Amino acid sequence: MSVFDLSSRTVLVTGATSGIGYETARQLADRGATVLVHGRTAEDAQAATDALVANEGIDAAQLCAFSADFTQLEEVEKMARRVIAAHPRLDVLVNNAAIAAPERHTLTADGNEIALQVNFLAHYLLTCLLEPALTSGAGGRVVNVSSSLHRTASIQWNDPQRARRYSRLAAYAQSQLALTVFAADPRVTAVSVHPGVCETGLLSLYGVEGDPAAAGAAHVVRLCDPATELVNGAYYDRDQHVDPAPAATEDRTIKRLTKLADQLVGQHA
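Quick caveat, the model's predicted, so the values are computed rather than measured.

Estimated volume of the second largest pocket: approximately 200 Å³. Lining the second largest pocket, in full, are T152, A153, S154, Q156, D159, R162, R164, R165, Y166, S167 and A170. Residues that form the lining of the second largest pocket fall into these classes: three nonpolar, four polar and four charged.

Below you can see the structure in the form of structure tokens.
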């Protein structure tokens, strides 16, 4: 992959304390970008920025630590306010943070199934709140780090919290399908990408050996480059533009998901 200069770009990467998120932050900063490093706690975010400086040779002036626990939508809202106050123009939002759904059905304090909230609803809310910053300059874009497992999923419209019939794999896949559908929302130019199966905390969901996280991150970083032309709602499998699951581009599904997400994030939007 050719190295491109991103020195004029400001990028927020969620879930940037480990795995693909950390590698994405590193590669973006290597190319000169100002990177907003998100972690679940302030300590996690600061530790990641410290590691990028100490271990990767990144200039500390290029890094800003932000924190929000995505199991609490109020924290997402507060972080969005802090980001806009510090960076009224944001070039790219990388929605990367993700958890594997737990074995047992688990609800957040907001009342949402935990994988649905962390992997999708928190990103939906964050993107909506950051929309003014993302659309204030040319080339603003959102990159949703999704998964090929979205192809196995269906959104349970009558039971999105999966209270009646829970499976951790189905819950995770539903969250990834929702994130992929969300890329087709017309409000902000957005794409989704399956970065490949990588050696991260989510590898157990796939049950196979994975590529290094840096390899997956490279596919994410390429989509952050303003020279990479994006079709709104496009889906990439690594570096290939391919069709997502049919549901991901259906107008009816996009509208239903927007309505559902608006209901579930409630007053925080």
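Structure shown, so let's carry the discussion forward.
Where strand β2 (residues 34-39) lies against strand β3 (residues 63-67), five bridges are found, and the strand directions are parallel. By the bridge assignment, H38 is partnered in β3 with F66. Read as a crossover between parallel neighbours, the route from β2 over helix α2 (residues 42-56) to β3 is right-handed.

Looking now at helix α6 (residues 213-224). Over its 12 residues, α6 runs 17 Å from end to end, which matches the ideal 16 Å to within 8%, given 1.5 Å per residue. Of all 12 residues in α6, nine are buried, a share of seventy percent or more. Among the structural elements, α1 (19-30), β4 (92-95), β5 (141-145), β6 (190-194) and β7 (235-237) are those in contact with the buried residues of α6.

Along the polypeptide, N119 turns up in helix α4 (residues 114-134). For N119, a relative accessible area of 1% puts it in the buried group. A polar side-chain atom of N119 sits 2.8 Å from the main-chain amide nitrogen of I99. Discounting chain neighbours no more than four positions away, the residues touching N119 are A97, A98, I99, Y172, S175, Q176 and L179.

Next up on the list: the sheet that holds β2. Sheets are built from strands paired through backbone hydrogen bonds, the pairs being either parallel or antiparallel. Reading across the sheet, the eight strands line up as β3-β2-β1-β4-β5-β6-β7-β8 and stay open at both edges, with mixed pairing between neighbours. With partners counted over all chains shown, the strands left at the sheet margins are β3 and β8 (240-242), one partner each. Averaged over all adjacent pairs, the angle separating strand axes in this sheet is 25°, with direction ignored. Here β4 pairs with β5 via four bridges, running parallel.

L12, F70, V83, L90, F120, L126 and L130 are the most contacted members of the largest nonpolar core, which has 42 residues in total. Every element with two or more residues in this core is listed here: α3 (73-86), α4, α5 (168-182) and α7 (251-265). Here this core takes 13 residues from α4, the largest share from any one element. In this view, L12 contacts L36, H38, M79, V83, L90, V92, L93, V94, L126 and L130; residues no more than four positions away in its chain are not counted. Among the nonpolar cores identified, the runner-up in size contains 33 residues, and V37, A51, V143 and V145 belong to it.

A few words now on the packing of aromatic side chains. Inspection of every chain in the model, using the stated rule, returns three aromatic pairs. Where F120 meets Y124, the ring centres are 5.8 Å apart and the plane angle is 55°; that geometry is what we call tilted. Of the two residues, F120 and Y124 are both situated in helix α4; the distance of four residues between them amounts to about one turn of the helix. Judged by relative accessible area, which is 1%, F120 ranks as buried. Exposure remark for Y124: the relative accessible area of 1% places this residue in the buried category. Centroid distance F120 to F182: 6.1 Å. Interplanar angle 80°. Geometry classified as edge-to-face. Taken as a pair, F120 in helix α4 and F182 in helix α5 lie far apart in primary sequence, 62 residues in all. Neither residue differs from the other here; F120 and F182 are each classed as buried. Grouped by ring-pair contacts, the aromatic residues F120, Y124 and F182 constitute a single cluster. The ring centre of F4 lies 5.0 Å from the NZ or CZ of R31, which sits over that ring.

Definitions and cut-offs
- Every residue gets a number counted from 1 within its own chain, in the order that chain's sequence is written.
- Restriction of local features to residues with pLDDT of at least 70 applies here, the model being predicted, together with a cutoff of 80 or more for giving and counting side-chain atom pairs; totals for whole chains, interfaces and linings are based on all residues.
- Heavy atoms from the whole structure form the basis of all side-chain values; hydrogens and water molecules are not counted.
- Residues are said to line a cavity or pocket when one of their atoms sits within 4 Å of a point; the points come from a 1 Å grid over protein atoms alone, cavities being sets where a 1.4 Å probe fits but cannot get out and pockets being open sets with protein on both sides within 12 Å along at least five of seven lines.
- Grid points are joined across faces, edges and corners, and a volume is the space filled by probe spheres set on the points.
- Polarity classes work like this: nonpolar for Ala, Val, Leu, Ile, Met, Phe, Trp, Tyr, Cys and Pro, charged for Asp, Glu, Lys and Arg, and polar for all others, with Gly in that last group.
- One requirement defines pairing of two strands: DSSP has to find at least two bridges between them.
- Each helix is a run of H or I in the DSSP string that is no shorter than four residues. Each strand is a run of E no shorter than two, and both are numbered from the N terminus.
- Look down the strands so they point away from you; if the path from the first strand over the helix to the second goes clockwise, the crossover is right-handed.
- Helices are assigned an expected span. That span is 1.5 Å times one less than the residue count.
- Accessible area is worked out with a 1.4 Å probe on protein chains only. A residue is then buried under 20% of its type maximum, exposed over 50%, and partly exposed in between.
- We call two residues in contact whenever any of their non-hydrogen atoms come within 4.5 Å of each other.
- Residues adjacent in sequence count toward polar contacts only when both atoms are side-chain atoms; beyond that, a polar contact is any pair of N or O atoms within 3.5 Å, and within protein one must be able to donate a hydrogen and the other to accept it.
- Here, axes are lines fitted to C-alpha atoms. For helices the fit covers the stretch in contact, and angles between N-to-C directions go from 0 to 180 degrees.
- The nonpolar core is taken to be a set of buried Ala, Val, Leu, Ile, Met, Phe, Trp, Tyr and Cys residues, with the residues joined through side-chain atoms within 4.5 Å.
- In this scheme Phe, Tyr and Trp rings, the latter by its six-membered ring, pair at centre separations within 6.5 Å, and the angle between planes marks the pair as stacked below 30 degrees, edge-to-face above 60, and tilted otherwise.
- Counted as over-ring charges are cases with an Arg CZ or a Lys NZ within 6 Å of the ring centre that also lie within 35 degrees of the ring normal.

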